[in-house]
Amino acid sequence: MDSSVVLNQMVMLMLIVVVGYITAKSGVLSKTANLNFAGLINYVTVPALILSSTSAAGQVGTKWDSIFVLIMAVLSYVFFIGLAFLTPKLFRVQADQAGILQFLTVFANNGFMGFPVVQAIFGTGALFYASIYNIPNNLLVYSIGIYMITKGQKSSQIDWRTILMNPATIASFLALFFFFFDIELPSVIAQTATSIGGITSPLAMFIIGSSMADIDLVAAAKNVKLYAFAAFRMLLVPLFLWLLLSPLISNPIILGILIIIAAMPGPTMAVTLSTQYGGQTAFATSYVFISTVLSVITIPLISLLF
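Thresholds, definitions, all that
Residues numbered from 1 in each chain as written. Predicted model: local features only at pLDDT ≥ 70, side-chain atom pairs only at ≥ 80, totals over all residues. Heavy atoms only, no water. Helix = DSSP H or I, 4+ residues; strand = E, 2+ residues; numbered from the N terminus. Expected span 1.5 Å × (residues − 1). Bend = angle between axes of the 7 residues up to and from the residue. Buried < 20%, exposed > 50% of the residue type's maximum accessible area, 1.4 Å probe, protein only. pLDDT = per-residue confidence, 0-100. Phe/Tyr/Trp six-rings, centres within 6.5 Å; stacked < 30°, edge-to-face > 60°. Lys NZ or Arg CZ within 6 Å of the ring centre and 35° of its normal. Axes fitted to C-alpha atoms, helices over the stretch in contact; angles between N-to-C directions. Parallel < 35°, antiparallel > 145°, perpendicular 65-115°, else oblique. Left-handed = near helix turned anticlockwise from the far one by under 90°. Contact = heavy atoms within 4.5 Å. Nonpolar A, V, L, I, M, F, W, Y, C, P; charged D, E, K, R; others polar. Polar contact = N/O pair within 3.5 Å; in protein donor to acceptor, adjacent residues only side chain to side chain.

## As for helix α18 (residues 281-303)
Part 1 of the reasoning: The terminal C-alpha atoms of α18, which comprises 23 residues, lie 31 Å apart, in line with the 33 Å expected from a rise of 1.5 Å per residue.
Part 2 of the reasoning: At S295, α18 shows its maximal bend, which comes to roughly 50°.
Part 3 of the reasoning: Most of α18 sits out of view: 17 of its 23 residues are buried.

Structure follows, in structure tokens:
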């Protein structure tokens, strides 16, 4: 893989982030519009993008590769959850920040940023496997994720309806079913899904930039501990996973997808959930900003492994 190509793609995506930031700062779009766009991505464009990826999935891997990716994804999250017990002590954060740091250890920006980056680097067919990787993420973020954010603050019941009825999760299972049993969508439906899904990448990066308009960028940039954690989570952890998985995975694209997704910056969901459940929103927001900016450097560096 040519790392200069990856760098160009990351710069392009980050330029869209900058446009989103400037647009929000200038007041062209309201916060309500930003929320509406986020809902459009979660409920419409990402599911369409996932379903449209099934036709090209066979160019990347086999049916058994898809099951293998799901198994690797589950094992990866087991690893991340185990690691989350160590990171608060490793980075010596305050007790009230331990839960959000654990959340940021386990979860990354698989959807809003992961899908566009995977598509840009590996092509549309790779999105199918990225969506499979995202299945355990969607199941865990509203369960153990909320538990971590609300640690010692506020008890909340797990909403299994939200977990299981997530449109991206449903689309991922449908795509896996269609691919495994050689079911092709009618041409007009496939083309419609492709067209709708095509707006996901620019719109997602636009929203990331827009959401940063409310961040105190100066204060976030001065937090040295955030840089250290970002380097650990976005460079050292993916490198360790590469050393662990490269002897087991012969398909370089499958391996690349797993490692690139693991190297994603902090998820915007950390900000949303910490706001909703009374977590450390400032800490979460600052890390999302720092890690997203640093990803322009870290993701091309990680791509040198392939």
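Moving on, there is more to tell.
## Quick notes on unusual backbone geometry
Part 1 of the reasoning: Unusually for a residue other than glycine, R92 sits at a positive phi of about 50°.
Part 2 of the reasoning: Relative to the elements of secondary structure, R92 occurs in the loop between α5 (87-90) and α6 (98-106).
Part 3 of the reasoning: On the basis of relative accessibility, which here comes to 71%, the residue R92 falls in the exposed class.

## Side note on the confidence of the model for the protein
Part 1 of the reasoning: Taken over all residues, the pLDDT of the protein has a mean of 81, while the share at 70 or more is 89%.
Part 2 of the reasoning: Mean pLDDT in the protein bottoms out at helix α10 (residues 160-164), which sits at 62, and peaks at helix α15 (residues 224-245), which reaches 93.

## Structural notes on the packing of aromatic side chains
Part 1 of the reasoning: Under the criterion given, the structure shown has 12 aromatic pairs.
Part 2 of the reasoning: Centroid distance F79 to F240: 5.5 Å. Interplanar angle 20°. Geometry classified as stacked. Of the two residues, F79 sits in helix α4 (residues 63-84) while F240 sits in helix α15, which places them 161 residues apart along the sequence.
Part 3 of the reasoning: By relative accessible area, F79 is classed as partly exposed at 25%.
Part 4 of the reasoning: A centroid spacing of 5.0 Å and a plane angle of 85° characterise the contact between F128 and Y129, whose relative ring orientation is edge-to-face.
Part 5 of the reasoning: Under the relative-accessibility criterion, Y129 is labelled buried at 0%.
Part 6 of the reasoning: Geometry around F80 places R233 over its ring, the cationic atom sitting 4.4 Å from the centre.

## A closer look at the packing of α15 against helix α16 (residues 252-262)
The description of two packed helices rests on the angle between their axes and on the distance between the axes.
Part 1 of the reasoning: Remark: α15 packs on α16, axes separated minimally by 8 Å, with the N-to-C direction vectors making an angle of 155°. With respect to their mutual orientation, α15 and α16 come out roughly antiparallel. Both α15 and α16 take part in a crossing whose hand is right-handed. Of α16, the residues touching α15 (which contributes R233, P238, L241, W242 and L245) are L255, L258, I259 and A262.
Part 2 of the reasoning: For the contact of α15 with α16, the residue count by class is 8 nonpolar, no polar and 1 charged.

## Describing α16
Part 1 of the reasoning: Counting buried residues along α16, 9 of its 11 residues qualify, which places the element largely inside the surrounding structure.
Part 2 of the reasoning: Residues of α16 that are buried include every one of I254, L255, G256, I257, L258, I259, I260, I261 and A262, and no others.
Part 3 of the reasoning: Tucked into the core, α16 has its buried residues touching α4, α7 (110-122), α8 (124-141), α15 and α18.
Part 4 of the reasoning: For α16, the side-chain oxygen to backbone nitrogen distance between the N-cap and I253 is 3.0 Å, and the N-cap itself is N251.

## Description of the side chain of S295
Part 1 of the reasoning: Here S295 shows up in helix α18.
Part 2 of the reasoning: If sequence neighbours within four positions are ignored, S295 has contacts with M10, M113, M234, P265 and P300.

## Here's the deal with the environment of I199
Part 1 of the reasoning: As for its position among the elements, I199 is in the loop between α12 (187-197) and α13 (200-211).
Part 2 of the reasoning: Along the backbone, I199 and T45 are 154 residues apart, and their C-alpha atoms lie at a distance of 7.0 Å.

## Points about the environment of S210
Part 1 of the reasoning: Mapped onto the fold, S210 is located in helix α13.
Part 2 of the reasoning: Residue classification places S210 among the buried positions, given a relative accessible area of 9%.
Part 3 of the reasoning: It is 7.0 Å that separates the C-alpha atoms of S210 and T23, two residues lying 187 residues apart in sequence.

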